[in-house]
Amino acid sequence: MLIRPYRSSDRAGLLRLYVEAVHGLATAEYDAAQREAWASRQGSHDELGERFAAATTLVCELDEDVAGFITFRDDGYIDLIFTSPRHARRGV
């Protein structure tokens, strides 16, 4: 497992992971309409992408595949933390 700083080239992959995680891992807690409102499969995620660069974002890779990410501020506030459904429940 490699934990590394966010790179601007990660943006599209992290946005994809975010949508996959919401729609793939939150099905027991949220219905389809709630998940779509939270992470639209078709919508723009420009604001979310900007949040990656505006805070500290760390990316986790397993076997050269992005397994998850966390975005947090200097005051300790965790803004985003998501794991890819392909790597869920593995300690990412």
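Everything below is about the structure printed above this text.
First, a word on what this report is: a plain description of the structure on this page.

What counts and how
- Residues numbered from 1 in each chain as written.
- Predicted model: local features only at pLDDT ≥ 70, side-chain atom pairs only at ≥ 80, totals over all residues.
- Heavy atoms only, no water.
- Helix = DSSP H or I, 4+ residues; strand = E, 2+ residues; numbered from the N terminus.
- Contact = heavy atoms within 4.5 Å.
- Expected span 1.5 Å × (residues − 1).
- Buried < 20%, exposed > 50% of the residue type's maximum accessible area, 1.4 Å probe, protein only.
- Salt bridge = Lys/Arg side-chain N within 4 Å of Asp/Glu carboxyl O.
- Phe/Tyr/Trp six-rings, centres within 6.5 Å; stacked < 30°, edge-to-face > 60°.

All right, on to the environment of L62 then. As for its placement among the helices and strands, L62 is situated in strand β2 (residues 56-62). Measuring from C-alpha to C-alpha, the distance between L62 and V22 comes to 20 Å, with 40 residues separating the pair along the chain. In contact with L62, other than residues within four places in its own chain, are M1, A67, H87, R90 and V92.

Structurally, the α-helix is built with 3.6 residues per turn, so residues lying three or four positions apart point the same way. Between its terminal C-alpha atoms helix α1 (residues 11-25) stretches 20 Å, which fits the 21 Å expected from 15 residues at 1.5 Å a residue. Three or more residues of α1 are buried, namely L14, L15, L17, Y18, V19, A21, V22 and H23.

So, on to the pattern of salt bridges. Using the criterion set out here, one finds eight salt bridges in the structure. Note that R4 is salt-bridged to E61, the shortest N-O span being 2.8 Å. One end of the pair, R4, is in strand β1 (residues 2-5); the other, E61, is in strand β2, and 57 residues separate them in sequence. A single burial state applies to R4 and to E61, both of which are buried. Looking at E61, the relative accessible area reads 16%, which means it is buried. Here the residues in one salt-bridge network are R4, R7, D10 and E61, joined through shared partners.

Attention shifts here to the packing of aromatic side chains. Each aromatic ring pair is described using two quantities: the centre-to-centre distance and the angle formed by the ring planes. Per the counting criterion, the structure on display carries six aromatic pairs. With centroids separated by 5.7 Å and ring planes inclined at 50°, the aromatic side chains of Y6 and F52 adopt a geometry described as tilted. Of this pair, Y6 sits in the loop between β1 and α1 while F52 is found in helix α3 (residues 46-54), placing the two residues 46 residues apart along the sequence. A relative accessible area of 1% places F52 in the buried class. Here Y18 and F82 contribute two aromatic rings whose centre-to-centre distance is 4.9 Å and whose plane-to-plane angle is 80°, an arrangement assigned as edge-to-face. With Y18 in helix α1 and F82 in strand β4 (residues 78-83), this residue pair connects regions lying 64 residues apart in the sequence. Like Y18, the residue F82 is buried in the burial classification. The rings of Y6, Y18, Y30, W38, F52, F69 and F82 are connected pair by pair, giving a single aromatic cluster.

Moving on to the side chain of S40. Tracing the sequence through the fold places S40 in the loop between α2 (32-38) and α3. When residues no more than four places from it in sequence are discounted, the contact partners of S40 are V19, R35 and H45.

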